[in-house]
Structure formats: C-alpha cells, structure tokens
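# A structural walkthrough
Single-letter residue listing:
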Amino acid sequence: MVAGADWWRGAVLYQVYPRSFADSNGDGVGDLPGITARLDHIARLGVDAVWICPFYASPGRDFGYDIADHLAVDPQFGTLADFDELLRQAHARGLKVLLDLVGGHTSDQHPWFQRSRARRDAPEADWYVWADPSPDGTPPNNWLSVFGGAAWSWEPRRRQYYLHHFLSSQPALNLANPAALEAVLAVGEFWLRRGVDGFRLDAIDFLAHDPALRGNPARPPADGQVPAKLFGLQEHRHDMMDASIMPILRRIRALTDRYPGTTTLGEVSSQDGAFARVRRYSAGEDHLHMAYTLRPLRGGFDHATVRDLLRESAGEGEEGWPCWSFSNHDVERAVSRWNPDRPAAPDPRFARLLAALLLSLRGSVCLYQGEELGLTEAELTLEQLRDPFGLSYWPEFRGRDGSRTPMPWRAAAPQAGFTTGQPWLPVPAGHHALAVDRQEAEEGSLLQVWRRLLRLRRAHPALVRGSLRPLDLPRPLAGLVRDYAGQRILALFNLSGEAASTVLPMPGGARMLPEAAGLGGRIQGDTALLAPFGVVLAELETSDRTVPRRAARLIRA
Ligand code: BGC
Ligand code: MG
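This is a predicted model, so every value here is computed, not measured. (Residues numbered from 1 in each chain as written. Chains lettered and ligands numbered in written order. Predicted model: local features only at pLDDT ≥ 70, side-chain atom pairs only at ≥ 80, totals over all residues. Heavy atoms only, no water.)

This next bit is on the overall build of the chain. For the chain, the count of helices and strands is 14 helices and 22 strands. For the chain, whose C-alpha radius of gyration is 24 Å, the value lies close to the compact-globule estimate of 24 Å for 557 residues. Seen through its principal axes, the chain has C-alpha atoms that stretch 75 × 50 × 50 Å. For the chain, buried positions account for 62% of its 557 residues. Taking the intrachain contacts of the chain between residues at least 6 apart in sequence as the baseline, contacts between residues at least 24 apart amount to 70%. Roughly 21000 Å² of accessible area belongs to the chain as shown, and the carbon and sulfur atoms make up 51% of that amount. Averaging the positions of the 62 positive and the 66 negative side-chain charges in the chain gives two centres separated by 3 Å. (Helix = DSSP H or I, 4+ residues; strand = E, 2+ residues; numbered from the N terminus. Rg over C-alpha atoms; globule rule 2.2 N^0.38 Å. Buried < 20%, exposed > 50% of the residue type's maximum accessible area, 1.4 Å probe, protein only. Contact = heavy atoms within 4.5 Å. Areas by Shrake-Rupley, 256 points an atom, 1.4 Å probe, with all protein chains shown as cover. Lys, Arg positive; Asp, Glu negative; His and termini not counted. Charge placed at Lys NZ, Arg CZ, Asp CG, Glu CD.)

Next up, the structure:
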C-alpha cells in the first residue's frame, strides 16, 4: 500500500454502493455489517482505500443522496456502532476509508430545511436558496433540475421558491451563508473525529451558483433535435460552476488539513471544461487533493476517446491530481457502455483491456464494485426500476439502476449470495456466472487479472506517481510511457478485435512484466504483437529517455 500522508496520490479506491454490496440481515438491502463481512474481498484485491456511498439517515428518494441526518446511520444500513466496527476492521486490513460528504443539498426531511421553510426569520432561514417568484408567479429564473423539470419549487409558508438541482425533495444548501457552510464542515469534522480518512465530495459543481440568480442562456442542440433530458438545452453558466466555489473548497481543505493523512476527492460534472476544473480544484495545496469527472465516459470508446483520455491524464504542466473511473453508481457499466461488439455480449478480453488502461493512467483510480468481476449493465423493466431519474425519463433514459444491481458472491446460491431475502433490485441471471467464488477458482479470471494488475501497480512507482507521455500510434493502437526516477513503463493497447503489431516506439530493450502475462500482448525483438484487445506492459531497459513521437510503424498481423 502507499505509505505516508500523501498515500492518496496514485492510490486505488474501491467504491462501495452499500445498498447493493452485501446484505447481512435478509431484508434485501445491503448494509454496514454486510460490508464488514466482505472486507477481505476488498483487501485481497490490493486496493488502498474504500469509498462508501451514503448510508446516513434518509427517506431514500435518491437512495441516500437525500440526507435527513448526516450524523446518523439509517436503520436500514445498521448503527453507528456498526460503522465504527467497519472502520476498525478496514483499518486493521490496511484499508483507508472515505465517506461521501454531500454538502450541496439535504433531504426536505432534514430539520435544517424544516426550520428554514417554516419562517423567514428562523435561524436557518438563509441556509437554503430562497427567492421570490417572478411578477407573473413563475419561478425566479429558468434554471432546470438535472432529474427533470424546473429547479425551483414553491413553499407556501414562505411564499417563496426554493432551489433544488436534483429532486424537489433535495433542497440546495446555500453555502454562501457562513452558518450553513459551518454546519456542513461540522458534519465533516464529526466523521473525521471518528477516524475516517477523507471524503468523496458529491457534485461539487453545484456547490456554488450565481448570487444574482441570472438565467442561463439557451444552448441549441447541435443536431437540431430536442434531447430526452432538457437539462442539455441550457448553457449552465449561472446555475452551477460559479467561481465562488473556491473559498468553499479552501474551507473544506483547511478542515482536512487538521487531520493529517486525510484526503478529499471532488466529483466534477461532465459539463464543458471538466478537465480544467479537475486541475483547478486539485492544484496547489489549498483546495482539493484530487477530483474526478465523468466527462470521458460520455463518448464512445474509440481511438480518439482513448487518445483524449491519455492527453488529459498526462496533465498540463502536471498541475492538479486527477482521479479516474470508468464505472460508478451513476453511469452504465463500462464493459457494456463501451462494448465494441454491441449488441452481442462484451468480449472478456475487452474487460481486461479496460482494467489495464484504467490502472495505467496518471492519477488515482476509482474501481466500482463489480467492475473487478466484469459485471455487465443490467437490463431492467419499468416495473423493476427504482431510480427517480430513470422513472422520469423512461424509456429514452432508463436511469442508473442497471449499474446498481447486487454484487454476486456465490454462483450457486439463491440471489448469488447477496441476500437471503428478496433483493431491492434483481440479480441479473447472467451475473451468477461472474460471481466472486467462481472467479476465485478460475485461473486467469478477470478478478485474478485485476489482482495481478493492482499488485503490478503497487510494485512500480512509475505507475503510481510517474509522469505520463502519450505515444503517437496509429489505429487501432494506443500507448503511453510512465516515468518515475529512472523507472519507465511502456503500455500498449490494441483497441480493436483484430490482431495488430507495431515496432517498439523507442530504441533499446523492453522486458515484459510478468504480471501482464495472459493479457494478449508480447514482445519479439523490436516488435510488439497484440492479440485482439491485447495489452503489453513492459519495463524499458534503456537509459535513453527520448521517446520519438512519430517512430511507430504499424504492421497488420
Ligand atoms: C451522486 C448521485 C446523486 C446526485 C445528487 C451525485 O452526483 O453521485 O448519485 O443522485 O449527486 O445527490
Ligand atoms: Mg440488510
């Protein structure tokens, strides 16, 4: 594991979505004791930390991202004592623990909002974003909610509208109000005192908006078609990403700085300029430690996408520290989303390629539960759907439940061993064969590949904190060199389903790394040979540090 106060630099974080990880009491919903019971799986993978999505008291309209009490564990998930035990057991296994800090909004059931909505002279009156109606009674401006409809809802008791970027039951906190910001920081401090190692900061682009509440300009659709999600029809100039976020991030950083060795990981939206915001928010020592964006996940998976990814990962002047993820609880699982063989099932070799690519990028990495098993996106019927985002946009957009189905632990067990009851979302039939116990026993399974690659990464500082130089290779190849204190690692990826080869893009010898055996790549003399979706990971033996950018020559095998 990575030692020292900056352990987070280049660390791999395993993301747990508690509802779907492991259910200990048969109610069909995963819980904290369930996570504790399965910590060995996470530790054996060889990751550095666990990020646990919200398990706080919540009415569950947005499945925990609508918090009614930040300091309490929702009874569905267990108790505070269960959390302390989880933390103790994780630390005993050398795993750091990050919690989700949702500072942008609460549930409408939160006592803060209950008091704020009741009276204009309550102490919490300005903790949320209140505004008078327009003269004609319509909302104060044209801002839209991500989940559909206006971003404003009417509160008769105050005769004012309140702002919500997601559900109307998720009122936005007004962090420009010092007392509201203090309250959020106090939540962070509560968990830091309990011993957590940092936070994933939810949806930080929504932490600050234009104080004058100016309306957003329209953004006409490029193809002239009205999109399924109306949020795409605006240029989000004023409702989010306001520059006044910087002092808020400084306060959060100052808090974690008082707890040495803790870290912050911001979630940046995929709106234009996402990579620049990742850099800006994580540069220097005063704001966040790291940030990730779902921006690279929005496009398809082709040569251009991967090249962009490598370029962004290389960093401009190495400012800031990115974190990368290909899958999480908000998006379609990567092996399905990017599957080049669609609609056929993804090629197992493709999942290995994605694992090797993700672990070769410069930055830290988030690995989403089930990604290590190659879980595919679940196909759910409207009756099975629970995500309000999907319910409001069905069938054009089916929401996020397809990546939130339960973890399969035992292939032969009912519900794949996730629960002894009825799971809150179904376990897809095809996921039984991908269960942990099956892959434990199977030589060369994706689970074993992930373990090997994580071991490889830990053993090579160049992969953890080295610089990254993208190689200029012709289709269907992509490649990079990581460099740290004289250690240089070459990674080559065949993005296609056909074999390919290339003359090694640099002089001198290259030694295949043994952990990368079985990934469909090998080196013969000065040529790299790559099977379909094959990967070469090699250590460069030359002391010559120049990488000729246009030296590559492709020979179709
Ligand atoms: C979380 C989502 C959630 C939203 C609103 C995020 O970005 O990852 O799951 O719905 O914030 O809290
Ligand atoms: Mg349970």
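This part covers the site of ligand 1. Near ligand 1 lie 13 residues; those nearest to it are Asp62, His105, Asp202, Glu267 and Asp330. A distance of 2.6 Å separates an oxygen atom of ligand 1 from a polar side-chain atom of Asp62. A distance of 2.9 Å is found between an oxygen atom of ligand 1 and a side-chain nitrogen or oxygen belonging to Asp202. Contact with the protein chains covers 96% of the free accessible surface of ligand 1, which is 310 Å². Classifying every residue of the shell around ligand 1 by side-chain character gives 3 nonpolar, 3 polar and 7 charged. (Near = heavy atom within 4 Å. Polar contact = N/O pair within 3.5 Å; in protein donor to acceptor, adjacent residues only side chain to side chain. Nonpolar A, V, L, I, M, F, W, Y, C, P; charged D, E, K, R; others polar.)

With that settled, consider the pairing of strand S2 (residues 49-52). Neither face of S2 is open: one carries Ala49 and Trp51, the other Val50 and Ile52, and all of them are buried. Judged from the 4 bridges that link them, strand S1 (residues 12-16) and S2 form a sheet pairing that is parallel. Paired with Tyr14 across the two strands is Val50, which belongs to S2. (Pairing = 2+ DSSP bridges.)

Once that is clear, we can look at the coordination of the magnesium ion (ligand 2). Donor atoms from the polypeptide that coordinate the magnesium ion (ligand 2) comprise Asp23 (OD), Asn25 (OD1), Asp27 (OD), Val29 (O) and Asp31 (OD), at 2.2 to 2.3 Å from the metal. Here Asp23 falls in the buried class, since its relative accessible area comes to 11%. (Donors = N, O, S within 2.8 Å, 3.2 Å for Na, K, Ca; no water.)

Next up on the list: the side chain of Glu371. As for its placement among the helices and strands, Glu371 is situated in the loop between strand S13 (364-368) and helix H11 (388-393). This buried residue, Glu371, is left without a salt bridge; Arg333 holds the nearest opposite charge, at 6.2 Å. With near-sequence residues (within four places) excluded, Glu371 lies in contact with Phe326, Ser327, Arg333, Leu358, Cys366, Leu446 and Trp450. (Salt bridge = Lys/Arg side-chain N within 4 Å of Asp/Glu carboxyl O.)

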